[in-house]
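Each chain, letter by letter, is given below.
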Amino acid sequence: RDALTGLYNRGYFDEMAPRQLAHADRARHQMSLALIDIDRLKIANDQFGHEAGDDLVRAVAKEIAQMVRTSDAACRYGGDEFVVLLTNADAAAARIFAERLVDNVQAH
């Protein structure tokens with residue numbers, strides 16, 4: 001787990017993703033991957049301090065965690081980057097997920 005956000009970390013994603021993709025292929029399920037990047041985090045860090053930047057990263061991670069299903073995997077991929085593996089989700093479902101996430105983050 002990522003210490004800052006509590007989400008799975010990149011190592012978990014790197015190990016789990018190939019297995020999940022192979023399972024989806026065998027079961028003939030669609031799968032989508034949502035890549036999320038916090039725009040202008042460096043500017044926020046420079047202007048408001050790294051603690052505020054960390055608060056922003058945690059807030060986005062919290063929104064992601066609240067939105068994912070138990071069958072999905074939400075991971076912090078890098079400093080301001082997240083990846084969500086959406087099981088049994090086609091491109092339209094992934095688009096809906098991403099749009100809802102943007103709306104939820106903007107609302108806060």
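Above this text is the structure in question.
The rules behind these values
- Per chain, residues are indexed from 1 in the order of the written sequence.
- At least 70 in pLDDT is required for a residue's local features to be given in this predicted model, at least 80 for side-chain atom pairs to be given and counted, and no such filter applies to totals for whole chains, interfaces and linings, which use all residues.
- Calculation of side-chain values draws on the structure's entire complement of heavy atoms; hydrogens and water are dropped beforehand.
- Aromatic pairing here means that ring centres of Phe, Tyr or Trp (its six-membered ring) are within 6.5 Å. Orientation follows from the plane angle: under 30 degrees is stacked, over 60 is edge-to-face, and everything else is tilted.
- Only runs of H or I of at least four residues qualify as helices and only runs of E of at least two qualify as strands under DSSP, and these elements are numbered from the N terminus.
- We count a charge as sitting over a ring when the NZ of a lysine or the CZ of an arginine lies within 6 Å of the ring centre and within 35 degrees of the ring normal.
- Between any two strands, at least two bridges found by DSSP are needed for them to pair.
- Comment: axis = line fitted to C-alpha atoms, over the contacting stretch for helices; angle = value between 0 and 180 degrees taken between N-to-C directions.

Trainee: Hey, could you go over the packing of aromatic side chains for me, with residue numbers and the actual values?
Mentor: Inspection of every chain in the model, using the stated rule, returns two aromatic pairs. For the ring pair Phe-13 and Tyr-77, a centre distance of 5.8 Å and an interplane angle of 85 degrees mean the geometry is edge-to-face. Here Tyr-77 lies in the loop between β2 (73-76) and β3 (81-87) and Phe-13 lies in helix α1 (residues 10-27), a separation of 64 residues in the sequence. Above the plane of the ring of Tyr-8 lies Arg-1, whose end atom (NZ or CZ) is 4.0 Å from the centre.

Trainee: Outline the sheet that holds β3, listing residues and values.
Mentor: The sheet built from three strands is open, its strands ordered β1-β3-β2 with antiparallel pairing. In this open sheet, the two strands that pair with only one neighbour each are β1 (31-37) and β2. Across the sheet, the mean angle separating the axes of adjacent strands is 15 degrees when strand polarity is ignored. Across seven bridges, the pairing between β1 and β3 is antiparallel.

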